[in-house]
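Summary of the model geometry
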Amino acid sequence: MKWSELLLPTLKETPAEAEAISHILMIRAGLIRKLTSGVYSYLPLGFRVLKKVEDIIRQEMNDKGAQEVLLPAIQPAELWMRSGRFEALGEDMITFTDRHKKLNVLGPTHEEVITSLVKNEVSSYRQLPLIIYQIQTKFRDEARPRFGVMRSREFIMKDAYSFDRDWEGLDKSYQKMYDAYCRIFNRCGLKFLPVEADTGMMGGDTSHEFMVLAENGEDRIARCKKCNYAASMTKAECVLPDIPLRAQASGQILDSREIEKMKTPGVSSVRDVAEFLKVTSEKLIKTILYEKDGKPVAILVRGDHDVNETKLTHVLKTNQLVMADEKMIKNITKGPMGFSGPVGLKGVEIIADLSLKQGENWIIGANEADTHFKNVNIGRDFEVLHWADVRNITESDTCPKCNESIEISSAIEAGHVFKLGTKYTDSLEADILDEKGKSSRIIMGCYGIGVTRIVAACIEQNYDDHGIIWPIEICPFQAVVMPLNPDHDASIAEAQKIYNQLQDAGIEVLFDDRNVRAGIKFKDADLIGFPIQIIIGEKSLAQNLIEMKVRNTDDRSKIKSGEVLNAVLQNIKNLYKNNK
Ligand SMILES: [Zn+2]
């Protein structure tokens, strides 16, 4: 392919709307262009990368015996109402009413569609196990589309579904997909970590997320510095430190002091109150009010901790949890926002985080403007209805498995696997008959990979000041041939010769035949990140020498013109080897 004939608009400047490095580089390297918020076009180079990622996924899925299908993007809303997820997805769902006044959904995922298909087509245990997958565009009306294709409203996903007659079967299917995912992410050149995850709106019990470690990642993962424990922030379990439980846990307060009201004028945030009172934030209790199914609940966590809403929805067994606004707070506590506390609160369920079992004589909001209580003790000054782990893990916590210290890192969720069980086969009544003609529910698993997100995640892990450094398996072209002086006939002839040789050998090569300065060619080649650059300069050519640069190591060598093909083949081989 000749560069002059390719739609490849590179940019020198950083686009104003882009924050994440992958977003910036995808635009600058001419891979994507934005149409509207969270919606992108893939240009030829971006499309080539996307297709390569898809091919890797296809190969690995097919290798595990999964069968490819293509399910519809348009789905009747009624199907989603039957599974109960129409409500659960809420405004994330893109819907439309057709000309027959029927409500439809643009598929954000396909559990409902595939389960209804399998229910109709599979009736005997002999037809199982079955793993079906597709690579397709999904739609989610993200509240805040961000980071280019990383969090967009239209994106490409590979979704797979397994169907088994029993739980042992599901375990096997799950393991197959887990293994396939590890191979896929490795081949895409990603440093990743499978972590224990919350099952969220998908339902089911066991789940792992495949996290790509990246500074700009929106997700947080907690991992042990010693053992192999790793979990997403929403899931990571907080354990109490191994010191004797004091006070409330044993029913007695060791150092009981009189509860006392004190003025905290103009300070309400934990940090400000702690500073004002010259104590550490661990001495404070934060009271966060929510409305659960129309009823108020108060969540208490230590001042230096944050509420984990995912854990909270499990504890409260609800999907309908709304944080109280100023007006609601006033209604519940009779006090202003920023000074809420559990003492004297009537008709409100109080849930306390387990860490509050250790400590006494707390500082808490008094439900009055500019006022806090000090020396508050749980059980004496107010009652807790329910104790639970409802906070995010921190680096001061310890590993729930081995008690060593925990490290928190940013990451991008690139894949997610779930053991769904019978959540969807129950709601759609998908059964099979066994050997004895007895009917039983089909057991399901589901497995997703964000294809477009892999491309972005890959750039987040593989770039430098000059641009992208593609892993060899998903680069748009393996090599670029650059004659530096477009007016020098011998350079052009040599470039054409090398280009033909590489092309004939099956190497994906781009011929930079543009009539532009050498500096622009160098900059663009680094920006786009071709793994191998073949540079044809006048002076070297006079000595029958060609320069070769390997992008990821910046290794430069001069080779004889006749040896370019072999050198390129050898380098590609090495890059593949190092990718494994
Ligand atoms: Zn550990």
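Here is a short report on the structure shown in this document. (Residues numbered from 1 in each chain as written. Predicted model: local features only at pLDDT ≥ 70, side-chain atom pairs only at ≥ 80, totals over all residues. Heavy atoms only, no water.)

Considerations on the coordination of the zinc ion
Listed as protein donors to the zinc ion are Cys224 (SG), Cys227 (SG), Cys399 (SG) and Cys402 (SG); their distances from the metal cover 2.2 to 2.4 Å. Taken together, the 4 donor atoms surrounding the zinc ion define angles of 99 to 115° at the centre, an arrangement classified as tetrahedral. Sequence spacing of the donors to the zinc ion: C-x2-C-x171-C-x2-C. With Cys224 in strand E11 (residues 219–224) and Cys399 in the loop between strand E20 (386–388) and strand E21 (406–421), this residue pair connects regions lying 175 residues apart in the sequence. Given a relative accessible area of 9%, Cys224 falls into the buried group. (Donors = N, O, S within 2.8 Å, 3.2 Å for Na, K, Ca; no water. Tetrahedral: all angles 85-135°; square planar, octahedral: opposite > 155°, others 65-115°. Helix = DSSP H or I, 4+ residues; strand = E, 2+ residues; numbered from the N terminus. Buried < 20%, exposed > 50% of the residue type's maximum accessible area, 1.4 Å probe, protein only.)

Let's talk about the packing of aromatic side chains
Across all of its chains, the model carries 9 aromatic pairs by this definition. Three or more aromatic residues joined by ring pairs form one cluster here, namely Tyr178, Tyr181, Phe185, Phe192 and Phe210. The ring centre of Trp387 lies 5.2 Å from the NZ or CZ of Lys357, which sits over that ring. Just above the ring of Tyr174 sits the side chain of Lys419; from NZ or CZ to the centre is 5.0 Å. (Phe/Tyr/Trp six-rings, centres within 6.5 Å; stacked < 30°, edge-to-face > 60°. Lys NZ or Arg CZ within 6 Å of the ring centre and 35° of its normal.)

Details of the packing of helix H2 (residues 44–63) against helix H11 (residues 451–461)
Put simply, H2 and H11 touch, their axes get as near as 9 Å, and they point 115° apart. Taken together, the axes of H2 and H11 lie roughly perpendicular to each other. In this structure, the crossing between H2 and H11 has a hand that is right-handed. Across the interface between the two elements, Val49, Leu50, Val53, Glu54 and Ile57 of H2 pack against Val451, Thr452, Ile454 and Val455 of H11. Here the residues of the contact of H2 with H11 sort into 7 nonpolar, 1 polar and 1 charged. (Axes fitted to C-alpha atoms, helices over the stretch in contact; angles between N-to-C directions. Parallel < 35°, antiparallel > 145°, perpendicular 65-115°, else oblique. Left-handed = near helix turned anticlockwise from the far one by under 90°. Contact = heavy atoms within 4.5 Å. Nonpolar A, V, L, I, M, F, W, Y, C, P; charged D, E, K, R; others polar.)

Description of H2
Taking 1.5 Å per residue, 20 residues should reach 28 Å; H2 reaches 28 Å between its end C-alpha atoms and fits that length. Among all positions of H2, only Leu45, Gly46, Val49, Leu50, Lys52, Val53, Glu54, Ile56, Ile57, Glu60 and Met61 are buried. In the stretch just after H2, Gly65 is the one whose phi turns positive, near 85°. (Expected span 1.5 Å × (residues − 1).)

With respect to the environment of Gly30
Mapped onto the fold, Gly30 is located in the loop between helix H1 (21–28) and strand E1 (32–36). Since its relative accessible area comes to 0%, Gly30 is described here as buried. Taking the C-alpha atoms as reference points, Gly30 and Gly415, separated by 385 residues in sequence, lie 26 Å from one another. What Gly30 contacts, discounting residues up to four positions off in sequence, is Leu8, Pro9, Leu43 and Leu45.

Bear in mind that shape data such as this cannot, by itself, settle questions of function.
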